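Chain residues, written in single-letter form:
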Amino acid sequence: MPGTRPTRKATVPKAAPAPAKKTAPAPTKKAVVAPKSKKRTVEEAQDDSDDEFGEVAIDMASDDDDEDMDGDDESDDADDFPEEGEEGQDMSAADLDEDEDEDSEGSYMDGDSIADSQEELDDEDAEEEDESDFDDLVEDDIDPNFGHNLNEPLAPESDYNPIVREYPEIDPVYDSDSSTEENDNTVGNIPMHWYDDYPHIGYDIDGKKIMRPATGDELDKFLSTMDDPDSWLSAHNYKDGQDVKLSAEELEIIRRLEGNRIPDADYNPYEDQVEFFSSKTEIMPLSAAPEPKRRFIPSKHEAKRIMKIVRAIREGRIVPRKSGYVPPKPKYYNLWNDSEDKPREEHVMHITAPKMKLPTHDESYNPPAEYLPTEEEIKEWNEMDKEDRPKNYLPQKYNALRNVPGYGQFIQERFERCLDLYLAPRVRKNRLNIDPESLIPKLPSPRDLQPFPTRLAIEFLGHEGRVRSISVDPTGLWMASGSDDKTVRIWEISTGRCMATYHLDELVTSVVWGPSKEVAVLAVACGYKVGLILPEKLFSPELTLHSEEYLKAGFANVATGEPNPKAQWKQPTPAEFEKGIRVWVHLQKPVKQVTWHRKGDYFSTVAPDANNSAVLIHQLTKHQTQQPFKKNKGAVQRVMFHPTKPMFFVATQRYVRQYNLQRQELVKTMQTGVKWISSLDVHPAGDNLIIGSYDKRLCWFDLDLSSKPYKTLRYHQQAIRSVAYHKRYPLFASCADDGNVQIFHGMVYNDLLQNPLIVPVKILKNVHQRVDALGALCVEWHPTQPWLISSGADHTIKLFS
Amino acid sequence: MDAIADGPQVQVKFITQQRQFAIPETAIQTPARLRRYGLSQIINLVLQNEGEKQRPFDFLIEGEFLRTSLAEYLEEKNMSTENVLTVEYVESMLPPTPLSSYEHDDWVSAVQAHRLGGFLTGSYDNHVRLWNKQAECTQILTGHNGAVKAVQWLTSDGDNGTLLSGALDRSILAWEYSHADNSHSVLYECRGHTGGVESISLNATGDKFASGSTDATIKIWTTIIPTVSDHIEDVTETRKKRKTVKEDRVLKAPISSLNAHTGPVSAVTFSPTSADTLYSGGWDHSVRVWDIENSVNITTKNCEKVVHALDYSQHSGLLASGHADPVIRLWDPRSEDSSVVKQTLSGHQNWVTSVSWSPSSSYMLASGSYDGLIKVWDIRAKGALYTLSHGKATKKVFSIDWSNDILLSGGEDNQMKIHKVQDMTERAEA
């Protein structure tokens, strides 16, 4: 504060005359307004400078970190001193109020009191800055200028000293201050012409009318003007109806206003600028404070922030960029690149439009003569339909390029091009890039699966009807065949020689050799009966005799029981006995199939028409017949004994059922998915079976797996008639009405985990000619050799090796 | 000679093992385009054989018959024409010529010719027939109850002789015949087989014979004529005898039985050199070598196919076998290896049911097949030398026999055919 005192002292004299000024009559409205506005300007200017300073202060503060050089404005104060802010604000507000009051009431205060009060204020507001004091001071010292200096002679402009001015001493005479005796008009600031009709012009402070002063006439005016040399310097005060003499200062203000100059002569708008910051390098720093220590020690705050990042990196919250990271190239569209047609990176499915044909010679504006059309050609071209024209233009010749007219077809051509592209959509054809070989299941080559029959070796000729059934005897030397010519023939396999022929009285539907090597017996299904034939001569006398006794043994037993109506065991006639027939079993319905149990004692017959007694099991040694099923589900097609276990398979039209004969229960039902089963064979190991069906399918069942077919093979073109497993080799075969015989490699592994391997190895085509829509009727494998025997409707039997 | 002298030439040195046709062993400039016929002309020129005396020759280069021109051969073998080519030549075998056919009543399943001119056939009409060269049936030996499947000469001096026949009735009958009084009789009946007799073979010394049967056994019998029946213990047999077997037959039992085969034995043949060595083949895919003295199976060779026929050549020491496939396999019985086939001859279309080596040549061999063809092979040549038709193509050939210059064949067409084959004795002797 003491530092600012000199300035104050210098301004005090300015303020001091303010009360003295009160004597001056109230300034004119204009005069009053002008100083106000001036004050406002000054104030603002002061504020501006303060602001500047504040800014500087702030800047310095930012430089000097914590050094408190806050600015003067209240908000800053409030920020810096929150506890006293309110008070400070209030105080400053009070200051302002006071200042306002001072404007009007300043006349009651002397300069000292102002200074004192100002000092008091300063004291009260201990933290108040010099600037605010300065503010007040300025305000103080402008206001008095008006009232006080009105009477003073106008100082010459040259005398103008902006800093210190000598004011004339106030002379304390009676006239000097009229405020005590003057009765002021109290009507306020109203248009005075309201009082034009009244004798008074207003009221004094006591409420008494102020009477309109008497005014002279024009002559008086003139005289007064003539008398008073200063009369032209006076102005009429309507309020009190008197002429007021203008002071020199007021005149000066008027003059300055008229000159469009700043009314206050003291104000210098072009004060020298104090360059706080400039290009000049100061020798001495602005602040002499030593460099703070923190400039030289690492910042703890920074360390904290760095550690935060380091921690984040360690914890993996911040992942550093991969090493191979290449910052993406800025992509710019090369507008002027004409090498590529593609405007941008294409979509995957984008198909570039086919390019247009390049123009040829005849499209040139100056084509060689040979390209120019002749008259006829032009005529022809014109006559042609637009669609038929080979080209949609005629070559034309111009001497110079500048002679070439505008191309009229351009829009049309572009349109057609767009139409072409639009109406002929380009489609990406996805070519399947699959090697067809890879889709074929990996099967071993048939070459590696030899031996299997490949070629016809022997034909067995002699039958005169369809050969319905064939069977090879267990030794593999003889084959029996039953035919529609009502004969059973026995053949020598190795030569194809017919060794014996048995003439029967019905069509032979089934012939089966007894499976035992000890007993040579051939079961023949023929009409309503089943015959058991002992072929003589073919076998050694020992075997023949044994078989004879075996077949005869049953007759002794049968005599005891009453005849079974379903199956009657009968002796053959002597003539038949001579032929070799040893036993007849008469059934109620035609027998379609005979099959042996593996031991050669039991055999089963199928007579599909016999309803519940369709399936019968006969015991040869006791000449007994059993009916295993009380009721048959569906029409029985085939039956088969299990090769090792006491199981029995019954194939109806759609299902194959597996029964346990010992426990007399159904074990399993195979759902074949075919419409009509024609044939059935069980794998010699007993775990698999195949069926053939009239709807061309061959199904392989793995009995351990499921009741659905393991594989369904549909290779035949016609109904399958017969299927057969080889007893030794991993082979099976099927024959069908199309006359073909198909041979498959069907390996069944001992390993339970491995599924059977089925490989088609050979198709023997047109083995049998089709006769009456029937082709191959029966296939049978040789028991020891990989030879296949098939019989057909063309009366032949063929052996393939 | 001048006419054929153009074109590239090869220096050829002709050699031969047939001395009667030997020419000086000097290299001769020969046109490379010459084939067998041209080379044969050259030899005949050098030998100065003309007209009727001209003989056809076959040419062998490194043991293989020349079937192309010299140039083609050299090109194929990638050989230079600069070097001297050594070519062996042998007299060509003339094509067999059909002589006559002998009509039978039924299929002819077995044929055998005798050196002295008689032919023996067995037929499916259960008869054994004797024929002379005039295609006359001199004797019909009746006695079998089944198709005769094997016949074998024992002794013969032209008019009188003995022979063996085996049949599907499981018996082997030994016959004695005499053309002088046109009589024949059963010497003895060999009992023991329980299956049909498929094959009979007499050993080199003539004191034993072997029979192979479908009962999977080989039985060895002596040729000594017994005066009383051997005791054959079989109850059933005695009961059957009343009906089927004539009482006057002397029965004979085998001296030994070889049981190693697991399927029907279809072929047995003795080694012509060793009286105790027997070769057999059967449906069990094996070719076995036996020592009958000790009844030991010496070696077993396996192939994948049923053996239908066997023949052993004393000249080449090779065993030829016919199978249930169209291939003839040649075996070296002395090798220990069990499944090494020395050579295969393919050309037939169906099962080969009979093979017969040439009695004189170590390279020549004949085979009969179910495709109705008889093929004559030289094992040095790639294909068959000659293919003879027995009868109709579909008629099977069951049996062939090559004896001296005669090739017999019997088949399904009820015929026995005789082909005249060039006697190769000279060549062998050479």
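Residues numbered from 1 in each chain as written. Chains lettered and ligands numbered in written order. Predicted model: local features only at pLDDT ≥ 70, side-chain atom pairs only at ≥ 80, totals over all residues. Heavy atoms only, no water.

Per an unreviewed UniProt entry, chain B is named Ribosome biogenesis protein YTM1, and its organism is Mortierella hygrophila. Heading Function (unreviewed entry) of the UniProt record for chain B holds this comment: "Component of the NOP7 complex, which is required for maturation of the 25S and 5.8S ribosomal RNAs and formation of the 60S ribosome." (UniProt positions renumbered as here; feature names shortened; annotations may be inferred.)

Per an unreviewed UniProt entry, chain A is named Ribosome biogenesis protein ERB1, and its organism is Mortierella hygrophila. In the Subunit (unreviewed entry) part of its UniProt record, chain A is described as follows: "Component of the NOP7 complex, composed of ERB1, NOP7 and YTM1. Within the NOP7 complex ERB1 appears to interact directly with NOP7 and YTM1. The NOP7 complex also associates with the 66S pre-ribosome." For the record of chain A, the UniProt heading Sequence similarities (unreviewed entry) holds the text "Belongs to the WD repeat BOP1/ERB1 family."

A. Here's a closer look at the overall build of chain B. When helices and strands are counted, chain B shows four helices and 34 strands. Per-residue burial over chain B gives 58% buried out of 430 residues. On chain B, roughly 17700 Å² of surface is accessible, and the fraction owed to carbon and sulfur atoms is 46%. (Helix = DSSP H or I, 4+ residues; strand = E, 2+ residues; numbered from the N terminus. Buried < 20%, exposed > 50% of the residue type's maximum accessible area, 1.4 Å probe, protein only. Areas by Shrake-Rupley, 256 points an atom, 1.4 Å probe, with all protein chains shown as cover.)

B. Region of the structure containing the sheet that holds strand β4 (residues 64-65) of chain B. Residues and elements named next belong to chain B. The strand order across the open sheet formed by five strands is β2-β1-β5-β3-β4, and the pairing between neighbours is mixed. Each of the sheet's edge strands pairs with one partner strand only, and the pair in question is β2 (27-31) and β4. Contacting β1 (9-15), β2, β3 (57-61) and β5 (85-91), helix α1 (residues 36-47) runs over the sheet at an angle of about 110 degrees to β3. (Pairing = 2+ DSSP bridges. Contact = heavy atoms within 4.5 Å. Axes fitted to C-alpha atoms, helices over the stretch in contact; angles between N-to-C directions.)

C. View of the pairing of strand β21 (residues 655-660) of chain A. Residues and elements named next belong to chain A. Among the six residues that make up β21, five are buried, leaving the element largely enclosed by the rest of the structure. As judged from the five bridges shared by strand β20 (residues 647-651) and β21, these two strands associate in the antiparallel manner. From the neighbouring strand, Ala651 faces β21, where its bridge partner is Val656. Once β20 ends, the chain turns through three residues before running back antiparallel as β21. Of the strand pairs in this sheet, β21 and strand β22 (residues 665-671) are connected by six bridges, and their pairing is antiparallel. Paired with Gln658 across the bridge in β22 is Lys668. In this antiparallel pair of consecutive strands, β21 and β22, the connection spans four residues, and Gln664 shows a positive phi of 55 degrees.

D. Summary view of the pattern of salt bridges. All names here are of chain B. Within this structure, the stated rule accounts for 28 salt bridges over all chains. Across the salt bridge formed by Glu72 and Arg35, the nearest N and O atoms sit 3.5 Å from each other. With a gap of 37 residues between them, Glu72 in helix α2 (residues 70-77) and Arg35 in the loop between β2 and α1 connect regions that are remote in the sequence. We classify Glu72 as partly exposed; its relative accessible area is 37%. Of the charged contacts, one joins Asp325 and Arg329 as a salt bridge, the two residues approaching to 3.0 Å between their closest N and O atoms. Judged by its relative accessible area of 10%, Asp325 is buried. (Salt bridge = Lys/Arg side-chain N within 4 Å of Asp/Glu carboxyl O.)

E. Structural detail: the sheet that holds strand β7 (residues 478-483) of chain A. Residue and element names in this part refer to chain A. In space, the four strands of this open sheet follow the order β6-β7-β8-β9, with antiparallel pairing throughout. Strand pairing shows two members of the sheet lacking a second neighbour, β6 (467-472) and β9 (497-503), which therefore form its edges. Neighbour to neighbour, the strand axes of the sheet diverge by 20 degrees on average, direction disregarded. The pairing of β6 with β7 spans five bridges and is antiparallel. Looking across to β7, one finds that Ser469 is bridged to Gly482.

F. Seen up close, the environment of Thr186 of chain A. All names here are of chain A. Structurally, Thr186 is set in the loop between α7 (130-149) and β1 (200-203). A relative accessible area of 42% means that Thr186 is categorised as partly exposed. Along the chain, Thr186 and Asp240 lie 54 residues apart, while their C-alpha atoms are 9.9 Å from each other.

G. Looking closely at a nonpolar patch on the surface. Where nonpolar side chains cluster on the molecular surface, the patch consists of Leu219, Phe222, Leu223 and Met226 of chain A and spans about 420 Å² of accessible area. Tracing the backbone shows Phe222 of chain A in helix α8 (residues 218-227). (Patch = residues over 30% accessible without salt bridge, like charges linked within 9 Å, V, L, I, M, F, W, Y side chains within 5 Å.)

H. Representation of the interface of chain B and chain A in the model. At the interface, 26 residues of chain B touch 30 residues of chain A. Where chain B packs against chain A, one counts two salt bridges. The residue Lys149 of chain B makes a salt bridge to Glu492 of chain A at a minimum N-O spacing of 2.8 Å. Linking chain B to chain A there are 11 residue pairs in polar contact (both at pLDDT 80 or more). Ranked by residues supplied to the side of chain B that touches chain A, first place goes to helix α3 (residues 235-244) of chain B with four residues. In terms of residue class, the side of chain B that touches chain A is made up of 11 nonpolar, six polar and nine charged. (Polar contact = N/O pair within 3.5 Å; in protein donor to acceptor, adjacent residues only side chain to side chain. Nonpolar A, V, L, I, M, F, W, Y, C, P; charged D, E, K, R; others polar.)

I. Examining the pairing of strand β12 (residues 160-167) of chain B more closely. Residues and elements named next belong to chain B. By the criterion of burial, β12 is predominantly enclosed, with seven of the eight residues buried. Where strand β11 (residues 148-156) and β12 come together, seven bridges link them in antiparallel fashion. Bridge pairing in β12 links Val151 to Ser165. Hairpin connection of β11 to β12: three residues between the antiparallel strands, including Gly158 at a positive phi of 100 degrees. Here seven bridges tie β12 to strand β13 (residues 172-178), and the two strands are oriented antiparallel to one another. When the sheet's bridge partners are listed, Asn160 is paired in β13 with Ser178. Hairpin geometry of β12 and β13 is characterised by an intervening segment of four residues between the two adjacent antiparallel strands and by a positive phi of about 75 degrees at Arg170.

J. Fine view of a positive patch on the surface. A grouping of Arg305, Lys308, Arg311 and Arg314 of chain A is seen on the molecular surface, where their side chains present a positively charged patch. Here Arg305 of chain A lies in helix α10 (residues 300-315). (Lys, Arg positive; Asp, Glu negative; His and termini not counted. Charge placed at Lys NZ, Arg CZ, Asp CG, Glu CD.)

K. Structural view of a negative patch on the surface. Negative charge collects at one region of the surface, where Glu375, Glu376, Glu377, Glu380 and Glu383 of chain A lie side by side. Tracing the chain through its elements places Glu380 of chain A in helix α11 (residues 375-383).

L. Region of the structure containing the packing of aromatic side chains. Residues and elements named next belong to chain A. This model, assessed by the stated rule, comprises 30 aromatic pairs over all chains. Ring geometry for Phe460 and Trp491: centres 5.6 Å apart, planes at 80 degrees, overall edge-to-face. Placement of Phe460 in strand β5 (residues 456-460) and of Trp491 in strand β8 (residues 487-492) is noted, with a sequence separation of 31 residues between them. Judged by its relative accessible area of 0%, Trp491 falls in the buried class. (Phe/Tyr/Trp six-rings, centres within 6.5 Å; stacked < 30°, edge-to-face > 60°.)

M. Molecular detail of the environment of Gly143 of chain B. All names here are of chain B. By secondary structure assignment, the location of Gly143 is in the loop between β10 (137-142) and β11. Residue class for Gly143 comes out buried when judged on its relative accessible area of 17%. On a C-alpha basis, the gap between Gly143 and Val128 in space is 8.6 Å, while along the polypeptide they are 15 residues apart. Among residues more than four places away in sequence, those in contact with Gly143 are Leu173, Trp175 and Arg249.

N. Spatial organisation of α2 of chain B. All names here are of chain B. For α2, the full list of buried residues reads Leu70, Tyr73 and Leu74. Each buried residue of α2 sits inside an arc of 95 degrees when the element is viewed along its axis, so together they form one side. Opposite the buried face of α2, by more than 90 degrees, sit the exposed residues Glu75 and Glu76. On the buried face of α2, the contacting elements are β1, β2, α1, β3 and β5. A positive phi of about 60 degrees marks Asn78, the residue just after α2. (Arc of directions from axis to C-beta.)

O. Looking closely at the nonpolar core. Among the nonpolar cores identified, the biggest contains 67 residues, and Met479, Ile490, Leu522, Val524, Leu532 and Leu799 of chain A are the most heavily contacted of them. Listed in part, the 20 residues of the second largest apolar core include Leu39, Phe57, Tyr73 and Tyr89 of chain B. (Core = buried A, V, L, I, M, F, W, Y, C linked by side-chain atoms within 4.5 Å.)

P. Quick look at the confidence of the model for chain B. Summary statistics for chain B give a mean pLDDT of 83 and a share of 92% for residues scoring 70 or more. Low confidence marks residues 235-246 of chain B, where pLDDT is under 50. Its contacts with residues over four positions away, or in another chain, come to 15 contacts. (pLDDT = per-residue confidence, 0-100.)

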